[in-house]
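Chain by chain, the residues run as shown.
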Number of protein chains: 2
Amino acid sequence: MAKAIILLADGFEEIEAITVIDVLRRCGVGLEIVGLRKGYVRSARGVKIIPDKSIDEIANESIASFDAVILPGGGEGVENLKKSEKVRKLLNDFMSKSKQIAAICAAPTALASFGLLKNKKATVYPGLENELKEAGAEIANSKVIVDGNIITSRGPGTASDFAFEIARKLAGKEKTEEVAKAMLFS
Amino acid sequence: MAKAIILLADGFEEIEAITVIDVLRRCGVGLEIVGLRKGYVRSARGVKIIPDKSIDEIANESIASFDAVILPGGGEGVENLKKSEKVRKLLNDFMSKSKQIAAICAAPTALASFGLLKNKKATVYPGLENELKEAGAEIANSKVIVDGNIITSRGPGTASDFAFEIARKLAGKEKTEEVAKAMLFS
């Protein structure tokens, strides 16, 4: 069974986070919801979610067992991800081991700020393209862009495309199509 | 400002709930997340959410200030809604005052079991149509069906259509279109 982490900071975009969680868990991926602080995290629209673990607990674990890390968007949430040295270190560890890294909406700007998008094709929420270009990324305008181990997407309206792309990488096409059908997405 | 309630019981479908919450709050609707028990509620895929209020607190308030009640799906969640006398009473109160009642996925079967779908056009998650027919509903197969004050829809893949239809009723077309565009749904 593939294993993955989704990182939730205060101000995360809730459709983007929950769509990935729902789809990946239906596909049998062992997904840990990881909060940037202890206790509950608050979404952009004030939904309080209790994570499975805090980033301190994950930072003390070996990341060897994980296959992917996912960053939802939300302006404030992404600013909180960018400011975290623990997130930077975790993402650099995932990058150095060529594990899957997925970011949607404003979150590709966090990957850019950590230096992970140099010479990579990527997409982002409209209006934020310059932050990616200045970090050496090549902008591509599709709902989801895959370049090597980096998956990027654009916003709440593309969250299901993003989630199913991650699911295909972690659980295979057949299982993903079965789940998409049961969820009435196809 | 319109006001609404979304009812969360253990086992609720998380994309259906969160999509409605996110869209309605972006549209300026005063949405209360109401849990069927105290403490956190657990979604179908194990996400722990802390509601704003419990149903006991809402039951003691006047419902006069609310314009709509929304029921997300999820098999186990809907069974828990059906079993609750407080939910039955709340929905009957909303019905008797012709307030908006919206249900998605398996949740239209809860409306059926409370006797609210007699001679109403409605839709439901595929395979559950007979429960609606036996309660006197007429099945219609679109992503979203509106009949009077009752809005029904089919599953996670139609959650955004469902949310935007509720938003149009509560916040108007113009605001809803502005929000759908910002969320990259249109």
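Our structure is the block above this text.
Predicted model, so just to flag it, every value in this text is computed and none were measured.

About the cut-offs
- Residues numbered from 1 in each chain as written.
- Chains lettered and ligands numbered in written order.
- Predicted model: local features only at pLDDT ≥ 70, side-chain atom pairs only at ≥ 80, totals over all residues.
- Heavy atoms only, no water.
- Axes fitted to C-alpha atoms, helices over the stretch in contact; angles between N-to-C directions.
- Helix = DSSP H or I, 4+ residues; strand = E, 2+ residues; numbered from the N terminus.
- Parallel < 35°, antiparallel > 145°, perpendicular 65-115°, else oblique.
- Contact = heavy atoms within 4.5 Å.
- Nonpolar A, V, L, I, M, F, W, Y, C, P; charged D, E, K, R; others polar.
- Left-handed = near helix turned anticlockwise from the far one by under 90°.
- Phe/Tyr/Trp six-rings, centres within 6.5 Å; stacked < 30°, edge-to-face > 60°.
- Buried < 20%, exposed > 50% of the residue type's maximum accessible area, 1.4 Å probe, protein only.
- Lys NZ or Arg CZ within 6 Å of the ring centre and 35° of its normal.
- Arc of directions from axis to C-beta.
- Buried area = accessible area lost by both parts, 1.4 Å probe.
- Salt bridge = Lys/Arg side-chain N within 4 Å of Asp/Glu carboxyl O.
- Polar contact = N/O pair within 3.5 Å; in protein donor to acceptor, adjacent residues only side chain to side chain.

(A) Broad picture of the packing of helix α7 (residues 159–171) of chain B against helix α8 (residues 173–182) of chain B. All names here are of chain B. Relative to each other, α7 and α8 sit at 140°, their axes nearing to 7 Å. Taken together, the axis directions place α7 and α8 in an arrangement best described as oblique. From α7, Phe-164, Ala-167, Arg-168 and Ala-171 reach across to α8, where they touch Lys-173, Lys-175, Thr-176, Val-179 and Ala-180. Partitioned by chemical class, the residues of the contact of α7 with α8 number five nonpolar, one polar and three charged.

(B) Fine view of the packing of helix α1 (residues 14–26) of chain B against α7 of chain B. All names here are of chain B. It is the contact of α1 with α7, at a shortest axis distance of 9 Å, that shows an interaxial angle of 35°. α1 and α7 meet at a crossing whose hand is right-handed. Contact with α1, carried on its side by Ile-15, Glu-16, Thr-19, Val-20, Val-23 and Leu-24, involves Ala-159, Ser-160, Phe-162, Ala-163, Phe-164, Ile-166, Ala-167 and Leu-170 of α7 and no other residues of that element. The residue inventory of the contact of α1 with α7, partitioned by class, reads eleven nonpolar, two polar and one charged.

(C) Quick look at the packing of aromatic side chains. Evaluated as defined, the whole model comprises two aromatic pairs over all chains. Between Phe-164 of chain A and Phe-185 of chain A, the ring centres sit 5.4 Å apart and the planes meet at 70°, which makes this aromatic pair edge-to-face. You can see Phe-164 of chain A sitting in helix α7 (residues 159–171) and its partner Phe-185 of chain A sitting in the segment after α8 (173–182), a full 21 residues away along the chain. Under the relative-accessibility criterion, Phe-164 of chain A is labelled buried at 7%. Positioned above the aromatic ring of Phe-94 of chain A, the side-chain terminus of Lys-99 of chain A is 6.0 Å from the ring centre. Geometry around Tyr-40 of chain B places Arg-37 of chain B over its ring, the cationic atom sitting 5.6 Å from the centre.

(D) Here's a closer look at α8 of chain A. Residue and element names in this part refer to chain A. If you check which residues of α8 are buried, you get Thr-176, Val-179 and Ala-180. Angularly, the buried residues of α8 cover 100° about the axis, an arc narrow enough to put them on a single face. Across from the buried face of α8, at angles greater than 90 degrees, the exposed residues are Glu-174, Glu-177 and Lys-181. In the core, the buried residues of α8 are packed alongside α1 (14–26) and α7. Downstream of α8 by one or two residues, Leu-184 has phi in the positive range, about 65°.

(E) Region of interest: the interface of chain A and chain B. Across the boundary between the two partners, chain A contributes 27 residues, which contact 27 residues of chain B. Interface of chain A and chain B: buried area, both sides summed, is about 2500 Å²; carbon and sulfur atoms make up 67% of it. By the criterion of area lost to chain B, the three top residues of chain A are Arg-45, Ile-50 and Leu-184 of chain A, representing 23% of everything that side buries. The interface formed by chain A and chain B contains four salt bridges. A salt bridge links Arg-45 of chain A to Asp-22 of chain B; the shortest N-O distance between them is 3.4 Å. Scanning the region where chain A abuts chain B turns up twelve residue pairs in polar contact (both at pLDDT 80 or more).

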